[in-house]
Amino acid sequence: SYPSAYCSASMNYEAIIGVVLCPIAYFAMMWIGRVLKRRWGVKLGGDFQMLCLSTSVFIATNWIEVEQGLADLLKAAMLFSTAMFIVKLVNRFYWEGYFQKKRQMIVPRFLTHSTMLIALMLSGLIVVQWIYKVDVKGLLVGGTVGMAGVALALQNILKNLFAGFTLQMDKPYKPGDWLTIDGELGQVMEINWRSTRMRTIDHIYLDLPNGDMISNKIINLNYPVKLHAFRCTIPADYSSPPNQVRDILLASVSHVDGVRQDPAPEVYVKDFDDRAAIYEIKYWIDEDEKMDRIADAIRTGAWYALHRAGMSIPWPKQVVQFERRRQGQD
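Residues numbered from 1 in each chain as written. Predicted model: local features only at pLDDT ≥ 70, side-chain atom pairs only at ≥ 80, totals over all residues. Heavy atoms only, no water.

Within the protein, the regular secondary structure consists of 9 helices and 8 strands. Looking at the 330 residues of the protein, the share that counts as buried comes to 33%. Pairs at least 24 residues apart make up 62% of the contacts formed inside the protein by residues separated by at least 6 positions. Carbon together with sulfur atoms contributes 60% to the accessible area of the protein, which is approximately 21,900 Å² in total. (Helix = DSSP H or I, 4+ residues; strand = E, 2+ residues; numbered from the N terminus. Buried < 20%, exposed > 50% of the residue type's maximum accessible area, 1.4 Å probe, protein only. Contact = heavy atoms within 4.5 Å. Areas by Shrake-Rupley, 256 points an atom, 1.4 Å probe, with all protein chains shown as cover.)

Structure (structure tokens):
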């Protein structure tokens, strides 16, 4: 009777320990969750309470003997809730903390939802394989084939998604920059994980997939600084001395609003064609939205300045000669 009484007392002692540890573990985890929520802004909900409850009960089962089915159910609940807790930590400190706040990147819900889905799938496979001892090799093969089919069907979306990730990491441009893409000039208004939205000078909005942005040649007019040069060609008659034309054009462009004087504008003799000498004006601006008005003011000022100096801007001329057929001539 002594050994049986001793065993009974030992079992009662272990049961008391389990009963005491269960609420202690529960409230300790709830306190940790409150700290994470208030200090770090981690969004916790009912899944975290399930994690606290299942973990505290699981700790108590180490001291209190329970049925195997209940123990497996506690392990599964603890594993799923742990996965959800890890996903929320990743969303808070990685997607939101690093990408959204530190790198000023817009994190799409697709990534956060994909992270949650992958975590739940892995948790389900672990529960089925190692807790309930069910072979999942066939399920893995079928799932792999299914995922390959889904990836093939969504290849364009995935292409734009990964291209958006590359753009967000490398940052070749940012909102507000003026870009030239395939001869199209526009200002970047928004960069998301699927596309880049731009606005042209005519206030036409373009939604360009990120896959196209990666594959095309991009000229960023605002990197590394907004100041950059433009060029404008002006024809002048061959009878006009080049040095005099150059001085006239420099004087006319220096008064145009929007043209920077540091660096100063420059004028070159660019070419000679069949009608005139072609002069090129190189000028610097830092307001790309005014480029059309600035170019118009430069050409208008050059026209007036050349005419005031008695010079002309030639135009193409064509001589047409008519010949009468003589009698007896083919």
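Having seen the structure, we can now continue with the description.
Another point: the packing of aromatic side chains. Think of a pair of aromatic rings as described by two things: how far the centres are apart, and how the planes are tilted against each other in angle. For the structure on display, the rule yields 5 aromatic pairs. Ring centres of Phe48 and Phe85 lie 5.3 Å apart, and the angle between their planes is 40°; on these two criteria the pair is classed as tilted. In this pair, Phe48 is assigned in helix α2 (residues 46-61) and Phe85 in helix α3 (residues 68-102), connecting sequence segments 37 residues apart. Accessibility classification places Phe48 together with Phe85 in one group, the buried group. With centroids separated by 5.1 Å and ring planes inclined at 85°, the aromatic side chains of Trp303 and Tyr304 adopt a geometry described as edge-to-face. The class for Trp303 is partly exposed, based on a relative accessible area of 41%. On the basis of relative accessibility, which here comes to 46%, the residue Tyr304 falls in the partly exposed class. (Phe/Tyr/Trp six-rings, centres within 6.5 Å; stacked < 30°, edge-to-face > 60°.)

The next thing to look at is the environment of Arg260. Mapping Arg260 onto the fold places it in the loop between α8 (242-253) and β7 (266-272). Once the C-alpha coordinates of Arg260 and Ile285 are considered, the two residues, 25 residues apart in sequence, prove to be 5.7 Å apart. If we ignore the near neighbours within four places in the chain, the residues touching Arg260 are Leu227, Pro265, Trp284, Ile285 and Asp286. Within polar-contact distance, the side chain of Arg260 engages the side chain of Asp286 at 2.6 Å. (Polar contact = N/O pair within 3.5 Å; in protein donor to acceptor, adjacent residues only side chain to side chain.)

Sheet strands pair by backbone hydrogen bonding; their relative direction is either parallel or antiparallel. The sheet built from 3 strands is open, its strands ordered β6-β8-β7 with antiparallel pairing. The sheet is open, and its two edges are formed by β6 (228-236) and β7, each paired on a single side. For this sheet, the mean inter-axis angle between neighbouring strands, taken without regard to orientation, is 30°. With respect to the sheet, α8 is in contact with β6, β7 and β8 (277-285), its orientation differing from that of β7 by roughly 135°. (Pairing = 2+ DSSP bridges. Axes fitted to C-alpha atoms, helices over the stretch in contact; angles between N-to-C directions.)

Attention now moves to the sheet that holds strand β1 (residues 178-181). Reading across the sheet, the 5 strands line up as β4-β3-β2-β1-β5 and stay open at both edges, with antiparallel pairing between neighbours. Both edges of this open sheet fall to β4 (205-209) and β5 (218-220), since each of them pairs with a single strand only. Strand-to-strand twist in this sheet, taken as the mean axis angle between neighbours without regard to direction, amounts to 40°. When strand β3 (residues 195-200) meets β4, the two strands line up antiparallel, connected through 5 bridges. For Arg199, the partnering residue across the bridge sits in β4 and is Tyr205.

Glancing now at a nonpolar patch on the surface. A contiguous nonpolar patch, built from Val66, Leu70, Leu73, Tyr132 and Val134 and spanning about 420 Å² of accessible area, is present on the exposed surface. Following the sequence through the fold, Val134 ends up in the loop between α4 (109-131) and α5 (137-153). (Patch = residues over 30% accessible without salt bridge, like charges linked within 9 Å, V, L, I, M, F, W, Y side chains within 5 Å. Salt bridge = Lys/Arg side-chain N within 4 Å of Asp/Glu carboxyl O.)

Per the stated rule, a full pass over the model turns up 7 salt bridges. Between Arg260 and Asp286 there is a salt bridge, and its shortest N-O distance comes to 2.6 Å. You can see Arg260 sitting in the loop between α8 and β7 and its partner Asp286 sitting in the loop between β8 and α9 (291-308), a full 26 residues away along the chain. Relative accessible area serves as the criterion here: at 26%, Asp286 is assigned to the partly exposed category.

All right, on to the side chain of Lys282 then. With respect to the helices and strands, the residue Lys282 is situated in strand β8. Buried Lys282, no salt bridge; nearest opposite-charge side chain is Glu266, N-O distance 4.2 Å. In this structure Lys282 touches Ala229, Phe230, Arg231, Pro265, Glu266 and Tyr268, once residues within four positions along its chain are discounted. (Lys, Arg positive; Asp, Glu negative; His and termini not counted.)

Right, let's get into the pairing of β8. Extensive coverage of β8 is indicated by the burial of 9 of its 9 residues. Of the two faces of β8, the one carrying Ala277, Tyr279, Ile281, Tyr283 and Ile285 and the one carrying Ile278, Glu280, Lys282 and Trp284 are both buried. In this structure, β6 lies alongside β8, joined through 9 bridges in antiparallel fashion. Paired with Ala236 across the two strands is Ala277, which belongs to β8. Summarising the sheet, β7 and β8 pair through 6 bridges and their orientation is antiparallel. The partner of Val269 across the bridge, within β8, is Tyr279. Hairpin remark: β7 followed by β8, antiparallel, with 4 residues in the connecting loop.

Treat this as a map of the structure, not an account of what it does.
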